[in-house]
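# Descriptive analysis of the structure
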Amino acid sequence: MANPFLQLLKHLEMELQHLEERLRNIEVLLLSQKTVLNFDEAASYTGLSKSYLYKLTSAAQIPHFKPQGKHIYFNKTEVDQWLQRNPTKPSNKESVEEKAATYITLKKIGGVR
């Protein structure tokens, strides 16, 4: 016979995991509704490490605000625009072959180093 205490413990662990997942979903929904993100929220939202995000802010490579000179905030719309800069276009087989042929031709005549 299984120990009722162990069964209860296992059930509670499963419930806790379920509640944690629901909490994560709620946090994601709340974050999606905000227009201004604090530093931690911006790191979570972008998927960037905090150290890299600090590096970007100190080099002014990402739009941000310091209203009182200490805490860093981000406008979510500007972060979205920053994330979507420098888009790349998907390559189809013909364009890849064309680029390869151009490269080979230029390489043969000394145009590519």
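Residues numbered from 1 in each chain as written. Predicted model: local features only at pLDDT ≥ 70, side-chain atom pairs only at ≥ 80, totals over all residues. Heavy atoms only, no water.

### A word on helix 2 (residues 39-46)
The line we're drawing: Whether a residue is buried, partly exposed or exposed follows from its accessible area with a 1.4 Å probe, protein chains only, as a fraction of its type maximum: under 20%, in between, or over 50%, in that order. Per the convention used, a helix needs a DSSP run of H or I reaching at least four residues, while a strand needs a run of E reaching at least two, with both numbered from the N terminus. As used here, the arc belongs to the directions running from the helix axis to the C-beta atoms. Should any heavy atoms of two residues lie within 4.5 Å, those residues are considered in contact. Any pair of nitrogen or oxygen atoms within 3.5 Å is treated as a polar contact; in protein, a donor-acceptor pairing is required on top of that, and neighbouring residues in sequence qualify only through side-chain atoms on both sides.
Among the residues of helix 2, those classed as buried are Phe 39, Ala 42, Ala 43 and Thr 46. All buried residues of helix 2 lie within an arc of 100° about the axis, which places them on one face of the element. The inward-facing, buried residues of helix 2 abut strand 1 (36-38), helix 3 (50-58), strand 2 (73-75) and helix 4 (76-83). Measuring from the backbone nitrogen of Asp 40 back to the side-chain oxygen at the start of helix 2 gives 3.1 Å, which picks out Asn 38 as the cap. Phi turns positive, to about 80°, at Gly 47, one or two residues after helix 2.

### Digging into unusual backbone geometry
With glycine set apart, most residues show a phi of negative sign, and most peptide bonds adopt trans. Here Ala 60, not a glycine, exhibits a phi torsion of approximately 55°, which is positive. Relative to the assigned elements, Ala 60 resides in the loop between helix 3 and strand 2. Of note, Asn 86 is a non-glycine position whose phi angle comes to about 50°, a positive value. Along the polypeptide, Asn 86 turns up in the loop between helix 4 and helix 5 (93-108). A relative accessible area of 64% places Asn 86 in the exposed class.

### What about the pattern of salt bridges?
Our working rule: Salt bridges are defined as contacts in which a side-chain nitrogen from Lys or Arg sits within 4 Å of a carboxyl oxygen from Asp or Glu.
For the coordinates displayed, the defined rule picks out 3 salt bridges. The salt bridge involving Arg 24 is made with Glu 21; its shortest N-O contact spans 2.9 Å. Of this pair, Arg 24 and Glu 21 are both found in helix 1 (residues 4-33), 3 residues apart, which corresponds to roughly one turn of the helix. When its relative accessible area of 44% is taken as the criterion, Arg 24 is described as partly exposed. For the salt bridge of Glu 41 with Lys 34, the shortest nitrogen-to-oxygen distance reads 2.7 Å.

### Comments concerning the nonpolar core
So the rule is basically this: Residues grouped as a nonpolar core are buried Ala, Val, Leu, Ile, Met, Phe, Trp, Tyr and Cys residues, joined through side-chain atoms within 4.5 Å.
Core analysis: the biggest nonpolar cluster contains 12 residues, these being Leu 31, Leu 37, Phe 39, Ala 42, Ala 43, Leu 53, Leu 56, Ile 62, Ile 72, Phe 74, Val 79 and Trp 82. Elements with a minimum of two residues in this core: helix 2, helix 3 and helix 4. Considering each element in turn, this core owes the most residues, 3 residues, to helix 2. Look past the residues within four positions of Leu 56 in its chain and what remains in contact with it is Leu 48, Gln 61, Ile 62 and Trp 82.

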